[in-house]
Amino acid sequence: MVGMQSMVTLLREARGWTQTELAERAAMSQAVISKVETGAIEFHPERLQRLAEALDCRPESLEQNAALPSIEITCLHRRRASTMSVSTMKRIEAVTHLSRISIEGLLDGIELAPARTLERIEVLPGRGPAEVARELRHRWNVPSGPIANLIGLVESAGVVVVFRSFGTTGQDAVSTWPQDSQRPPMMLVNADLSADRLRFTVAHELGHLVMHALPVDSQEAEANVFAGEFLAPADEIRAELEGLTTSDFRRLMALKGQWGMSMAALIRRAHDLETISDRQYREFQVRLGKLGWRTSEPGDVARENPSVVDKIIELQRHEHDYSDDDLARLAGMTEAAFRRHYLAAPETAATRPQLRLALDE
Ligand SMILES: [Zn+2]
């Protein structure tokens, strides 16, 4: 099923603007914006130009409707569903659609040749998410022990991973299978996640891509179990979590560095594997809360970055001799927006340059 949506709507929602906000920025009335979005009036050149400027896009993009192949959004999971507004949800969906349009544009003339196959493995009676994770590790020949480069592994199976700011911390990522099997699956990850959350999120999303074709109530819990097992198989980590006590943060910190998982995720893992009791698990939660570690915890995990999109851009530059403007055109973006999204490293709390403040006497 293919739905049609005005590009104006998509670009507006991706910025989190109402029609009134866009109207103000483009110096026209909300009524006109509304008519433009429903196709009730034609663009005239001057209006087109003003809208393109307000939305920082190419005027020609606005004249097309975006054919939205009702992308299967396997994980538009809302950790804080009750607090996430409709406009935020629409924003994330719009960013997902626009990213797919750009990536598919950039892939023009390129066929991805993944080293691994990403197949669906269904959850069945007798084959739960942990078994699926073990099966995938086996099919992909993942060596035992921690996975050093998780994003690289996922990308080697043909998943295009893109970091994007979602303008909210309520959503970690969105993964989509395309309707057209010739197109790659895509994982859009919130650029503002900490390095440890990032790894767990990517493993969680991988679980969705592998296990879930249709939304089911149990999907978030299943994806979490999958992620835990994929990152730290029970057979390997159980012994290291045996006898853990609620004051043993030193041990958790060491395991965090070793396995690339947050202490919170390790505690959950210990609980799932029953190496700690329900009481200990609750006590841990209280302690984490008191320490303020539920939102941000200490301890370093090496930050991973995707590389496939950079390689696609390099290939287009060298094989087709494309300029930045040509590439931006393929991506359906202005050159400035293209540079900001695809050529600059995404600015995150971790990469933002430190300011230096000299303290003299
Ligand atoms: Zn999810």
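Preceding block: the structure.
All values reported here derive from a predicted model rather than from experimental measurement.

Undergrad: Which residues make up the nonpolar core, and what are the values?
TA: Core analysis: the largest hydrophobic core is formed by 54 residues, its most contacted members being L118, W140, M187, V189, L206 and F230. The element that contributes the greatest number of residues to this core is helix α9 (residues 195-211), accounting for eight residues. Discounting chain neighbours no more than four positions away, the residues touching W140 are R116, T117, L118, L153, A157, L206 and F230.

Undergrad: Talk me through helix α6 (residues 86-106); I want residue IDs and the actual numbers.
TA: Taking 1.5 Å per residue, 21 residues should reach 30 Å; α6 reaches 30 Å between its end C-alpha atoms and fits that length. The buried fraction of α6 is high, at 15 of 21 residues.

Undergrad: If you had to explain the pattern of salt bridges to someone new, which residues and values would you point to?
TA: For the structure on display, the rule yields 25 salt bridges. Linking D248 and R251 is a salt bridge whose minimum nitrogen-to-oxygen distance equals 3.4 Å. We classify D248 as partly exposed; its relative accessible area is 21%. Of the charged contacts in the structure, one is a salt bridge between E335 and R339, with a shortest N-O distance of 2.8 Å. In this pair, E335 and R339 both sit in helix α17 (residues 335-343), four residues apart, roughly one turn of the helix.

Undergrad: Kindly report on the layout of surface pockets, identifying the contributing residues and their values.
TA: When its volume is computed, the largest pocket comes out at roughly 1000 Å³. If you trace the largest pocket, you find 34 residues lining it, with S194, R197, S262, R294 and T295 closest to the centre. Residue assignment for the lining of the largest pocket shows that the elements contributing at least two residues are α9, α10 (219-231), α13 (263-272) and α14 (278-291). Examining the composition of the lining of the largest pocket, we find that six residues originate from one element, α9, more than from any other.

Undergrad: Outline unusual backbone geometry, supporting the account with residue identities and numerical values.
TA: Of note, A27 is a non-glycine position whose phi angle comes to about 50 degrees, a positive value. Mapped onto the elements of the fold, A27 is located in the loop between α2 (19-25) and α3 (30-38). In this structure, D321 is a non-glycine residue whose phi angle is positive, near 60 degrees. Tracing the chain through its elements places D321 in the loop between α15 (308-320) and α16 (324-331). Take D321: its relative accessible area is 65%, and that puts it in the exposed class.

Here is what the cut-offs are and how they apply
Residues numbered from 1 in each chain as written. Predicted model: local features only at pLDDT ≥ 70, side-chain atom pairs only at ≥ 80, totals over all residues. Heavy atoms only, no water. Core = buried A, V, L, I, M, F, W, Y, C linked by side-chain atoms within 4.5 Å. Buried < 20%, exposed > 50% of the residue type's maximum accessible area, 1.4 Å probe, protein only. Helix = DSSP H or I, 4+ residues; strand = E, 2+ residues; numbered from the N terminus. Contact = heavy atoms within 4.5 Å. Expected span 1.5 Å × (residues − 1). Salt bridge = Lys/Arg side-chain N within 4 Å of Asp/Glu carboxyl O. 1 Å grid on protein atoms, 1.4 Å probe; cavity = no way out; pocket = protein on both sides within 12 Å on 5 of 7 lines; lining within 4 Å. Points joined across faces, edges and corners; volume = space filled by probe spheres on them.

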